Structures are given as C-alpha cells and as structure tokens.
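A closer look at the structure
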Amino acid sequence: MEEARALRVQQRGIAMVDRRGRTTARLPVELFGGEGIVSEVEILRGDLAALLQQATADVEYLYDDTVTALHEDADGVSVRFENAPARRFHLVVGADGLHSAVRRLAFGPPKDHYRPLGGWSAWFTVHDAALARDLDGWFLMYNAPGGLVAAARPGRLPGEVKASLGLRCPPPAPDRHDGAAQRRLLAERFTGAGWEVERLLAGMAVAEDFASDSYAQIHLDHYTRGRVALLGDAGYSPSPLTGLGTSLALVGGYLLAGELATAQGDFRTAFTRYEDLMRPYVTRAQELPPGGMSGYAPHSALTIRLRAASLRWMSRWPLRPLMAAQFAKAGDIGLPHYPLPART
C-alpha cells in the first residue's frame, strides 16, 4: 500500500463542465471520506500492473500470446497457445478480461454470459501541458447531446492528461480489433461537440496507448468449471460504470489464492469456497448506479442539465446516503485472514 500511495495521481475531485468549460457541478475528493467517484488513492492501470508484477517476480510471464485450446483430463489441463509450445498445468485461471479466451473455451460462447449495456468508450493519453494546467487537478467530465461523454483527468507525469471519449451505441459495438476505424468513428461523432473536445481528438490521433471497449457485464452461474477458474472481468465484469472492476479483481485474486493455499491441493474445495465468498460481493458490485448507461451518457440537453443537478445533490440529503452506500461497495466484504504458507 505504501508503494501504491507513492504512485498515486493527485486529483482534487470530479467536476461537470458545459460546452464553454463552465463548471456545473463539483464533488471534491474528501466529500465521501476519500471513497467517492474520485478516491483518496487514484493509481493508473499501468502503474498498478507494474507494481503487481514487481511483487510476483518469481512468476513466469509469456507476453504477446493467448490460449487457443484447453483439454482437461483427470490429472490436469493441456493448454495450447497461439505462439508458445503446448503446456500441461494442474489448474487454469482465466484472468484475461471481458473478452476472455479461457471463458469462451471452458464455459461456452459469449452469447450465454456477455451482457452489453449499450455503450462504448476509448481511453488514451494526451500530452498537452496547457490542457494539463487548465485541469487544475480536477477530473473534468463533459456531456454533449446524443449520448456523448468526454473526460480529462490529470496524469501522474507533468503535462500528461488521461482522456476518454464515450458514447451510447446499440450492439454491436465497433470492431475492437480495428483501432483506425474506432478513431475515425470517434472523430466523426465528436467533432464540433464543444468544450476541449478538439484538443482531445488531436491527442487521440497520435496517442500510442489508445484502447477501447464496450460497456458490458459478465454473468455466470459459476465462476469455476472442472480445473478452470475465472477471475476479475473474465468471470464477473461489473462494467466501468460501477468503478469496481479493479476491486473485484484484487479481492477475487486474494480469495482464490487464499482458499487454494488453505485447501492444500484440494482445488474442488477451494473453488467452492471461492465462489461462496465472491458471489454476494459480485452481486452487489454489479448493481449499476442510478440511470445506468442513460444516466452516464444522456441523450438530450435537458437530461444533461438534470444529470448535473443530481451530481450537485449528491452532497445533500436524500441522495448523499444513497451515493455513500454505492461508493462503499468496494469494501463491502469481510476478507478472511490466510496465513502465508511456507515457501518451498
């Protein structure tokens, strides 16, 4: 935690702005005890990944590869990869995201468990020192009619802005493998939208870390099957609308590891305990905020004004206790204490 705090991004809170950049609503970070939309400890995905990798230096990592086939028998699982030679494993844990290859191979086609929410978003870094200064430490979000959402927040490095462009769209979402087509679509939809969108589009055109995905959830009757377990978005994506994807992944990883260590090789017992502990937490975390996708990306100017008004009312009764309960979901689980097993 000390290392995570050292890498945190300094952000003062979230603010809604109109097309001229005027603030229409503001929630400072301290309003909900540091656990609101912008929390006391904000860490970038890449920084968190590097931190976790450093803590697992004794793990073998294969990069630029994916699983293409699983064959389970009484003694283990034979795994084929796209690039690496086939391997045998005692267990397989699919932690490969919303479009998990492991989930598709072990649990069936996406149509059985993939639930689109009618939205799509892209994330990228903009290197613009003037825009970074204009943010003044705030996570700024702008809604434009037609279900468009643009956002910019401070990065950790000087002159760095972490940006996103999102929109309402019925399924199917744009081809997630065609980055050029995605950028063209965003440019077409957002050009002339107002606020600082043109600067964000200019940054998007040259961004080296452009990534995008649909807003969707994963719902499964079980997170395990045979010798295969699912973890994080692969097993129970709550969608970015909840802000709880990382919490679910970290808690799930802790519980799965703890139960496997406690069961001393009896993976069936460990998998059952993992599901029993995770299921209530996942169910609560997958509850969408008020309005869901329509609340996040309203279509009309009137509903945009209503959204700003609702954000202002979050600091007052009766919305404040409701929103405090929403934000508290990340810690809404009693974690068992697992003694560390002896290293061998």
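Residues numbered from 1 in each chain as written. Predicted model: local features only at pLDDT ≥ 70, side-chain atom pairs only at ≥ 80, totals over all residues. Heavy atoms only, no water.

**Here we look at the overall build of the protein**
- On a plain count of helices and strands, the protein comes out with 12 helices and 13 strands.
- Taken over the C-alpha trace, the protein has a radius of gyration of 21 Å; the compact-globule value for 344 residues is 20 Å, and the two agree within 12%.
- A principal-axis box enclosing the C-alpha atoms of the protein has dimensions of 65 × 45 × 35 Å.
- The buried share of the protein, reckoned over its 344 residues, is 43%.
- With the model as given, the accessible surface of the protein reaches about 18,300 Å², and the carbon-plus-sulfur share is 55%.
- When the 38 basic and 38 acidic side-chain charges of the protein are each reduced to a single mean position, those positions are 7 Å apart. (Helix = DSSP H or I, 4+ residues; strand = E, 2+ residues; numbered from the N terminus. Rg over C-alpha atoms; globule rule 2.2 N^0.38 Å. Buried < 20%, exposed > 50% of the residue type's maximum accessible area, 1.4 Å probe, protein only. Areas by Shrake-Rupley, 256 points an atom, 1.4 Å probe, with all protein chains shown as cover. Lys, Arg positive; Asp, Glu negative; His and termini not counted. Charge placed at Lys NZ, Arg CZ, Asp CG, Glu CD.)

**Notes on the sheet that holds strand S4 (residues 77-81)**
- On the basis of which strands lie adjacent, the open sheet formed by 3 strands has the order S3-S4-S5 and antiparallel pairing. Only two strands of the sheet have a single neighbouring strand rather than two, namely strand S3 (67-72) and strand S5 (87-89). Ignoring which end each strand starts from, the neighbouring axes of this sheet average 25° apart.
- Pairing analysis gives 5 bridges linking S3 to S4, with the strands arranged antiparallel. Looking across to S4, one finds that Glu-72 is bridged to Val-77. (Pairing = 2+ DSSP bridges. Axes fitted to C-alpha atoms, helices over the stretch in contact; angles between N-to-C directions.)

**Overview of the pattern of salt bridges**
- Evaluated as defined, the whole model comprises 16 salt bridges.
- Note that Asp-136 and Arg-12 form a salt bridge whose closest N and O atoms lie 2.7 Å from each other. Within this pair, whereas Asp-136 is found in the loop between helix H4 (129-135) and strand S8 (138-144), its partner Arg-12 is found in the loop between helix H1 (2-6) and strand S1 (13-17), the two being separated by 124 residues in sequence.
- Judged by relative accessible area, which is 47%, Asp-136 ranks as partly exposed.
- When its relative accessible area of 42% is taken as the criterion, Arg-12 is described as partly exposed.
- The closest approach of N and O atoms between Arg-87 and Glu-60, which form a salt bridge, is 3.0 Å. Here Arg-87, found in strand S5, pairs with Glu-60, found in the loop between helix H2 (45-55) and S3; they are 27 residues apart in sequence, far enough to count as distant.
- On the basis of relative accessibility, which here comes to 55%, the residue Glu-60 falls in the exposed class.
- Overlapping salt bridges, with partners in common, bring together Asp-128, Asp-134, Glu-196 and Arg-199 in one network. (Salt bridge = Lys/Arg side-chain N within 4 Å of Asp/Glu carboxyl O.)

**Digging into the packing of aromatic side chains**
- Enumeration according to the criterion identifies 8 aromatic pairs in this entry.
- Geometrically, the ring pair formed by Tyr-61 and Tyr-63 is stacked, given 6.2 Å between the ring centres and 20° between the ring planes.
- Taking the relative accessible area as the measure of exposure, Tyr-61 reaches 39% and is therefore partly exposed.
- For the pair Tyr-254 and Tyr-338, a centre-to-centre distance of 5.3 Å together with 55° between the ring planes defines the contact as tilted. (Phe/Tyr/Trp six-rings, centres within 6.5 Å; stacked < 30°, edge-to-face > 60°.)

The values reported here are purely geometric and, on their own, carry no functional implication.
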